[in-house]
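# Geometric and topological summary
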Amino acid sequence: MEWSTTTLGFYGLGAAAVATSLMTLRRRLELSKAKHGTLTGHANLARRLASLVPFYDYDRDRFFCSDDPPKEIAARRRAAFMRLSELYASRFAETAKRTAEVAEGISDLQFTDAYRVPFQYSRLVRQHLKYGAFVQSSAGVMLTDLDGNQLYDLTGSYGVNIFGYDFYKETIARAVDRVGELGPVLGPYHPVIADNVSRLKEISGLDEISFHMSGTEAVMQAVRLARYHTRRSHLVRFCGAYHGWWGDVQPGIGNPLPAHETYTLKEMSDDSLRVLRTRRDIACVLVNPLQALHPNAPAPADSSLVDGARSAHFDKDAYIDWLERLRAVCTEQNIVLIFDEVFVGFRLAMGGAQEYFGVRADLVTYGKTLGGGLPIGVLCGRKDLMKRYRDDRPADICFARGTFNSHPYVMAAMNEFLRYLETARVRELYRDLDRTWTARAQRLNQRLRDEALPVEVANMSSIWTVCYLRPSRYNWMLQYYLRAESLALSWIGTGRLIFSLNYTDADSQAVADRFVAAARTMEQDGWWWHPPTATNASIKRRILKEMIAHRLSPKGDHAMPR
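Here's what I pulled together on the structure shown here. (Residues numbered from 1 in each chain as written. Predicted model: local features only at pLDDT ≥ 70, side-chain atom pairs only at ≥ 80, totals over all residues. Heavy atoms only, no water.)

## Some remarks on the overall build of the protein chain
Assigned secondary structure in the protein chain consists of 20 helices and 16 strands. Over its C-alpha trace the protein chain gives a radius of gyration of 26 Å, about what one expects of a compact globule, namely 24 Å for 562 residues. Projecting the C-alpha coordinates of the protein chain onto the three principal axes gives extents of approximately 90 × 80 × 45 Å. Among the 562 residues that make up the protein chain, the fraction classed as buried is 52%. Restricting the contact set of the protein chain to residue pairs at least 6 apart, pairs at least 24 apart contribute 77%. Element-wise, carbon and sulfur atoms account for 55% of the exposed surface of the protein chain, whose accessible area totals about 26,000 Å². Computed over 72 positive and 63 negative side-chain charges, the inter-centroid distance for the protein chain is 4 Å. (Helix = DSSP H or I, 4+ residues; strand = E, 2+ residues; numbered from the N terminus. Rg over C-alpha atoms; globule rule 2.2 N^0.38 Å. Buried < 20%, exposed > 50% of the residue type's maximum accessible area, 1.4 Å probe, protein only. Contact = heavy atoms within 4.5 Å. Areas by Shrake-Rupley, 256 points an atom, 1.4 Å probe, with all protein chains shown as cover. Lys, Arg positive; Asp, Glu negative; His and termini not counted. Charge placed at Lys NZ, Arg CZ, Asp CG, Glu CD.)

Shown next, in the form of structure tokens:
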């Protein structure tokens with residue numbers, strides 16, 4: 001039997017098509033294996049499901065017995081809630097009043113107020129537990145609100161506050177004096193920038209610096225430069241990691257549009273390394289070292305604390321091993337490794353996460369505290385990656401500018417901060433930093449165990465998160481008991497406690513005393529009662545059933561009138 005050239009050609013094309021399809025399928029399967037099994041690892045699916053979740057909330061009766069407790073427990077909870085309500089109304093009256101006056105005009109405030117607790121409970125909480133968003137002053141490790149209440153600050157100003165507010169107030173004042181003669185002249189540089197560049201090059205171990213107006217912008221520029229120089233399209237981020245609020249690095253819930261050139265992979269996974277080795281469209285990999293505290297999970301917030309499933313554990317050696325393997329693959333495949341140290345930079349070590357973990361990146365972003373209390377974003381990088389134009393193609397550029405980049409007052413405050421890093425006082429502060437903060441966390445946990453309280457803390461140096469040991473639907477209530485004990489938390493509640501490094505042992509002891517007192521009272525008030533057969537999984541199944549019921553019938557049995 002003879003085969004014509006045309007027939008053979010068709011067979012050849014068919015075989016090539018099959019081979020290509022099999023290769024594509026294999027790559028898709030590899031990518032699928034490298035994604036985390038939770039919704040956090042599947043951004044598009046998470047966005048679609050989030051759009052289907054109906055609003056409903058509990059009336060006054062259901063609020064206290066959503067887990068079907070005995071009548072005595074429900075009555076105890078109700079009485080405790082009303083006592084807290086009265087305490088808040090008297091203690092935080094002026095602060096809450098001033099907050100209410102501006103809330104309708106500040107969209108950020110409306111958002112954070114609505115998402116402090118799971119939405120089913122939010123309305124009643126907002127009606128009765130108002131403490132406001134204003135503070136009058138800061139001193140030492142304390143904040144003072146408009147009612148004169150002094151609270152231990154556990155917010156850390158989103159990570160800005162490393163050395164204490166008194167330091168930053170003094171830094172800003174000195175910065176104004178240093179550049180006051182120039183004023184807010186933009187475009188030309190104040191000479192102080194030269195010293196900043198020299199110091200940042202030494203700290204980062206990299207060649208060039210660019211200044212930006214926020215950490216988000218610094219990360220945007222890092223990714224843009226990686227794409228420009230590699231001529232590849234995709235970035236890799238790891239499940240749960242935060243890199244700012246722009247679209248490519250926040251592809252899931254919160255972003256109205258899907259990100260088409262982003263891979264969200266599992267952290268600390270060989271499957272992810274396999275994807276990095278086999279894909280040819282990956283320009284860069286973003287690492288937020290804070291994820292070492294809770295790999296593959298988003299920043300914990302009390303708004304999603306519907307059970308006791310929150311967990312965290314920092315294993316430094318395991319994370320170092322992961323970063324070393326990741327570094328090797330990126331080097332092998334010419335992928336740009338970016339450390340996003342906007343949050344952890346200078347908190348873990350004087351040289352940041354690169355020094356702390358002993359792994360070098362190609363690009364590093366800093367922010368938060370580096371501005372000496374003023375807004376800043378900084379990108380440090382290898383010389384070949386920082387260049388924004390091509391010598392042989394003058395029209396092929398990588399543009400990045402910003403009106404307030406290199407603002408004189410920010411540059412002067414940054415210089416004060418960088419000079420302070422070299423003082424003997426700071427070097428002593430960093431000595432045994434991990435040991436100091438881990439010991440403080442362990443002492444608190446021992447006290448909680450001694451009193452059989454179902455809560456503990458996990459820490460990564462001075463960054464703590466609160467974990468819960470019982471499958472309760474009311475774990476989120478702890479933030480309000482902590483506030484009653486004069487501990488100030490950020491809007492995400494017990495998910496993240498951020499201490500400044502100027503906390504003394506006496507300060508830490510005072511915080512621990514208040515933490516234990518809050519947990520003890522919450523236990524006595526019945527919030528941690530749970531059915532003997534309850535598990536975190538059973539709680540989630542029940543909530544899912546509620547959501548389905550309210551989706552099918554918006555006027556569900558437990559909906560409050562809107």
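The rest of the description comes next.
## As for empty space enclosed by the protein
Going through the model one piece at a time under the given rule, you end up with one cavity of 30 Å³ or more. Tyr 131, Gln 479, Arg 483, Leu 487, Ala 488 and Leu 489 are the residues that line the largest cavity. Looking at the lining of the largest cavity, its residues break down into four nonpolar, one polar and one charged. (1 Å grid on protein atoms, 1.4 Å probe; cavity = no way out; pocket = protein on both sides within 12 Å on 5 of 7 lines; lining within 4 Å. Points joined across faces, edges and corners; volume = space filled by probe spheres on them. Nonpolar A, V, L, I, M, F, W, Y, C, P; charged D, E, K, R; others polar.)

## Some remarks on the sheet that holds strand β1 (residues 137-139)
Strand order in the open sheet formed by four strands is β1-β2-β3-β15, and the pairing between neighbours is mixed. Only two strands of the sheet have a single partner each, and these edge strands are β1 and β15 (487-488). Against the sheet, helix α8 (residues 165-179) makes contact with β1, β2 (142-144) and β3 (150-153), and its axis sits at roughly 110° relative to β1, the strand it touches most. Its contacts with the sheet place helix α19 (residues 505-524) against β3 and β15, and it is angled at close to 105° to β3. (Pairing = 2+ DSSP bridges. Axes fitted to C-alpha atoms, helices over the stretch in contact; angles between N-to-C directions.)

## Focus: the state of the cysteines
In the structure shown here, the tally under the stated rule is zero disulfides. Cysteine Cys 239 remains unbridged, with the sulfur of Cys 467 as its closest cysteine sulfur at 17 Å. Residue class for Cys 239 comes out buried when judged on its relative accessible area of 0%. (Disulfide = S-S within 2.5 Å.)

## Re the pairing of strand β14 (residues 463-468)
Taking burial as the measure, the six residues of β14 include six buried ones, the bulk of the element. Alternating positions in β14 separate into two faces, Ile 463, Thr 465 and Cys 467 on one and Trp 464, Val 466 and Tyr 468 on the other, with burial throughout. Taken together, the six bridges between strand β13 (residues 455-460) and β14 define a ladder with antiparallel strand orientation. Looking at the pairing, Glu 456 lines up with Cys 467 of β14. Looking at chain direction, β14 and strand β16 (residues 497-498) are connected through two bridges and run antiparallel. Along β16, the bridge assignment pairs Ile 463 with Ile 498.

## Topic: the layout of surface pockets
To find leftover empty space, one rolls a probe the size of a water molecule over the atoms. Empty space within the second largest pocket amounts to approximately 390 Å³. Forming the boundary of the second largest pocket are 18 residues, of which Thr 99, Ala 103, Asp 113, Arg 126 and Lys 130 lie nearest the centre. At the level of elements, α5 (93-103), α6 (107-114) and α7 (119-128) are the ones that each hand at least two residues to the lining of the second largest pocket. Counting residues per element, the lining of the second largest pocket draws most heavily on α5, at four residues. Its residues placed into classes, the lining of the second largest pocket shows 10 nonpolar, four polar and four charged.

## A look at α6
When α6 is considered as a whole, its buried residues turn out to be Leu 109, Thr 112 and Ala 114. Looking at the buried residues of α6, the elements they touch are α5 and α7.

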